[in-house]
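Residue-level structural notes
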Amino acid sequence: MEMSGERHIALSQQKVWDALNDPETLKACIPGCDSIEKVSDTEYKVGITAAVGPVKARFAGKLQLKDLNPPNSYALAFDGTGGAAGFGKGGATVALTPEGDATLLRYAATAQVGGKLAQVGSRLIDGVARKMADDFFTRFNARVAPPPAVPVAPAPAPAAAPVVVEGGSLSPHPAVLGDDVWMTPVYVGGAVFGIVLLGF
């Protein structure tokens, strides 16, 4: 199996690099990941529960980083077994290129599978692998570079109940006016505060 792709991440190159090397971030973003244990600066033990067609199993594997060129690129090798379900092994390269305040992440991966997994069929395996990659980058983006919150405009204050006074003119009811007036600065202040944070 061979797979490649690229993703734009709205985060600096160094921050993307740091996130890609953070076990907790990876654990939260890899679909089905049960555990990631850092063995050394370049090696991790990984546990993943995955389903490929009718085959579902927990895979235990080893992930090793090679050719590190922080914060630009690295290569990795992986090797995992899922008992009777079979095994998988392969490698990948990851390259980061700054694009203004954002980063372009390019990846290419190759893998081989054996056992029951090999009997499922390459098209199904490719589809599952691509979906896992898409899910990973969706979660990764949401975790490390979430879109900025858009401040919600305050709801319009309810119209004051009119009171007819002598002479035929209308004026707001004093009690209603008092309630609306003290609430308005709170809503407006919250919206302005949100805009200031986004601008910063």
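Description of the structure in this document. Quantities reported herein were computed from a predicted structural model and do not represent experimental measurements. (Residues numbered from 1 in each chain as written. Predicted model: local features only at pLDDT ≥ 70, side-chain atom pairs only at ≥ 80, totals over all residues. Heavy atoms only, no water.)

The next subject is the packing of helix 1 (residues 13-20) against helix 4 (residues 122-144). The contact between helix 1 and helix 4 brings their axes to 12 Å, and the two run at 120 degrees. It follows from the interaxial angle that helix 1 and helix 4 lie oblique. Crossing geometry of helix 1 relative to helix 4 is assigned as right-handed. Residue-level inspection shows V16, A19 and L20 of helix 1 in contact with helix 4, the latter providing F136, F140 and V144. In terms of residue class, the contact of helix 1 with helix 4 is made up of 6 nonpolar, no polar and no charged. (Axes fitted to C-alpha atoms, helices over the stretch in contact; angles between N-to-C directions. Helix = DSSP H or I, 4+ residues; strand = E, 2+ residues; numbered from the N terminus. Parallel < 35°, antiparallel > 145°, perpendicular 65-115°, else oblique. Left-handed = near helix turned anticlockwise from the far one by under 90°. Contact = heavy atoms within 4.5 Å. Nonpolar A, V, L, I, M, F, W, Y, C, P; charged D, E, K, R; others polar.)

Note that soluble globular proteins tend to have their nonpolar side chains buried in a common cluster. I9, V16, L20, L105, F136 and F140 are the most contacted members of the largest nonpolar core, which has 40 residues in total. With 8 residues, the single largest contributor to this core is helix 4. Those residues within four positions of F140 in sequence are excluded, and the remaining contacts are I9, V16, A19, L20, T25, C29 and A145. (Core = buried A, V, L, I, M, F, W, Y, C linked by side-chain atoms within 4.5 Å. Buried < 20%, exposed > 50% of the residue type's maximum accessible area, 1.4 Å probe, protein only.)

This paragraph deals with helix 4. The periodicity of an α-helix, 3.6 residues per turn, causes residues three or four positions apart to be oriented the same way. When the terminal C-alpha atoms of helix 4 are compared, their 32 Å separation across 23 residues agrees well with the 33 Å that a helix rising 1.5 Å per residue should span. Listed as buried for helix 4 are I125, V128, A129, A133, F136, F137, F140, N141 and V144. The secondary structure elements touched by the buried residues of helix 4 are strand 1 (2-9), helix 1, helix 2 (23-29), strand 3 (43-52), strand 7 (102-114) and helix 3 (116-120). (Expected span 1.5 Å × (residues − 1).)

For the rest of this paragraph, the subject is the pattern of salt bridges. When the charged atoms of two side chains with opposite charge come close together, those side chains can pair. The full count for this structure, using the stated rule, is 5 salt bridges. With a shortest N-O distance of 2.4 Å, D134 and R7 are connected by a salt bridge. Of this pair, D134 sits in helix 4 while R7 sits in strand 1; the two residues are 127 residues apart in sequence, bridging distant segments of the chain. For the salt bridge of R58 with D34, the shortest nitrogen-to-oxygen distance reads 3.1 Å. With R58 in strand 4 (residues 55-69) and D34 in strand 2 (residues 33-40), the pair connects residues that are 24 residues apart, well separated along the chain. Look at D34 and you get partly exposed, because its relative accessible area is 35%. (Salt bridge = Lys/Arg side-chain N within 4 Å of Asp/Glu carboxyl O.)

This part takes up the side chain of N21. If you trace the backbone, N21 turns up in the loop between helix 1 and helix 2. Only 2.8 Å separates the side chain of N21 from the backbone oxygen of W17, close enough to count as a polar contact. (Polar contact = N/O pair within 3.5 Å; in protein donor to acceptor, adjacent residues only side chain to side chain.)

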